[in-house]
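A structural walkthrough
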Amino acid sequence: MIRKQAYHPLKTKYLGELHYLSAVTLLISYFFFQLSYGQLKNQEKESYLWFDEVLGPENVNLYNGLNYIEKYKTKNGNHKFFNSENTLPNSLIIYEGQPYYNVKIKYDSFEDQVLVVSNNVVQLTREHVSSFTINKNRFVYLDTEGQDTRFIPGFYEILTETPSYTLYKKHRKKPIKRIDQNTNYFEFFDDNQYYVHYLDAYHKIKTKRDLLKIFTEFKKEIKANSKKISHKLDLESYLLNTLPKINFIKSETANLEQ
């Protein structure tokens, strides 16, 4: 016979208060951890900035690359750079394993090159740039040679990252050559690609239906979500709307299995 546990109001109240205090203590500890971590990161950043300032741009390894020469004349604002054809300040680059803060940077998404500007424009050795950040856009260098021949080595923006998957955006530009009064110039237009890293493989996403082939165990949920959201969403907006729901379902399933 199973004994039914007696209900004790005082005991229940005590346990509730205990859980509440534990949660508050955990929250306070997390807050101070984040504060301390943030202070350490700021101190580290200030140290690197001071060191680079003392050396001067001409002695910092970051600026010892090739001088960049522009090969394309453009018009109408249709340039080949990420976000702006002007340099973007306050960027972070990890170059040869070392962080460089507040760097004036341009990312040429047509030729997939990172440019830094000091006294002149320098083209960095691509394989030496492990990552860079422009505003809140974080890029990483990925090279899967020998692992996945469908994946082109280069810089990819991380759109979203979870323990289950990572969504990457490959910024690309498609050039169109034009002639105006016997003068040649180019206009560049977006031709971006998307990849999901899932189950130790990179999957290229060309259409919305490709998610069904990648996340085969969630076909029902993906189809249900697709019916709820607007069919007018572009591919990127669709992925950013749908993938978090897949991650939520995976997390809930894992919790139930524990």
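1. Some thoughts on the overall build of the chain
Assigned secondary structure in the chain consists of 4 helices and 13 strands. The buried share of the chain, reckoned over its 258 residues, is 34%. Sequence separation of at least 24 residues holds for 52% of the intrachain contacts in the chain that already meet a minimum separation of 6. Total accessible area on the chain is roughly 17400 Å²; 53% of this is exposed by carbon and sulfur atoms.

2. Comments concerning the nonpolar core
In terms of nonpolar packing, the biggest core is built from 20 residues, with Leu62, Ile93, Tyr107, Val114, Val116, Leu124 and Phe132 touching the most fellow members. When residues of this core are traced back to their parent elements, those giving at least two are β2 (88–95), β3 (98–108), β4 (113–117), β6 (129–134) and β7 (137–142). The greatest single-element share of this core, amounting to 4 residues, is contributed by β3. Dropping the residues within four chain positions of it, Val116 is found in contact with Leu62, Tyr63, Ile93, Val103, Lys104, Val121, Val122 and Leu124.

3. A short note on the confidence of the model for the chain
Looking at the chain, pLDDT values average 77 and 71% of them are 70 or higher. Contacts for the low-pLDDT stretch residues 1–7, under 50 throughout, to residues beyond four places or in other chains number 2 contacts. Here residues 9–21 scores under 50 on pLDDT; set against residues more than four positions off or in separate chains, the count is 2 contacts.

4. Describing the pattern of salt bridges
One pass over the structure, following the stated rule, counts 13 salt bridges. As a salt-bridge pair, Arg126 and Asp112 come within 3.3 Å of each other at their nearest N and O atoms. Of the two residues, Arg126 sits in the loop between β5 (121–123) and β6 while Asp112 sits in the loop between β3 and β4, which places them 14 residues apart along the sequence. Assessed through its relative accessible area of 24%, Arg126 is described here as partly exposed. Where Asp210 meets Lys213, a salt bridge forms, and the shortest distance between an N and an O atom there is 3.6 Å. One end of the pair, Asp210, and the other, Lys213, are both in helix α2 (residues 210–214), 3 residues apart, so they sit about a helical turn from each other.

5. As for the pairing of strand β9 (residues 165–170)
Consecutive side chains along a regular strand alternate between the two faces of the sheet. Counting buried positions over the 6 residues of β9 gives 6, a clear majority of the element. Both faces of β9 are covered, namely the face carrying Tyr165, Leu167 and Lys169 and the face carrying Thr166, Tyr168 and Lys170. Linking strand β8 (residues 154–161) to β9, which pair antiparallel, is a turn of 3 residues. Summarising the sheet, β9 and strand β12 (residues 193–198) pair through 6 bridges and their orientation is antiparallel. Across the sheet, Tyr168 pairs through a bridge with Tyr195, a residue of β12.

6. Quick notes on the packing of aromatic side chains
A complete count under the given rule lists 17 aromatic pairs for this structure. With centroids separated by 6.3 Å and ring planes inclined at 80 degrees, the aromatic side chains of Tyr156 and Tyr168 adopt a geometry described as edge-to-face. With a gap of 12 residues between them, Tyr156 in strand β8 and Tyr168 in strand β9 connect regions that are remote in the sequence. For the pair shown, Tyr156 and Tyr168 are each scored as buried.

Analysis parameters
- Residues numbered from 1 in each chain as written.
- Predicted model: local features only at pLDDT ≥ 70, side-chain atom pairs only at ≥ 80, totals over all residues.
- Heavy atoms only, no water.
- Helix = DSSP H or I, 4+ residues; strand = E, 2+ residues; numbered from the N terminus.
- Buried < 20%, exposed > 50% of the residue type's maximum accessible area, 1.4 Å probe, protein only.
- Contact = heavy atoms within 4.5 Å.
- Areas by Shrake-Rupley, 256 points an atom, 1.4 Å probe, with all protein chains shown as cover.
- Core = buried A, V, L, I, M, F, W, Y, C linked by side-chain atoms within 4.5 Å.
- pLDDT = per-residue confidence, 0-100.
- Salt bridge = Lys/Arg side-chain N within 4 Å of Asp/Glu carboxyl O.
- Pairing = 2+ DSSP bridges.
- Phe/Tyr/Trp six-rings, centres within 6.5 Å; stacked < 30°, edge-to-face > 60°.

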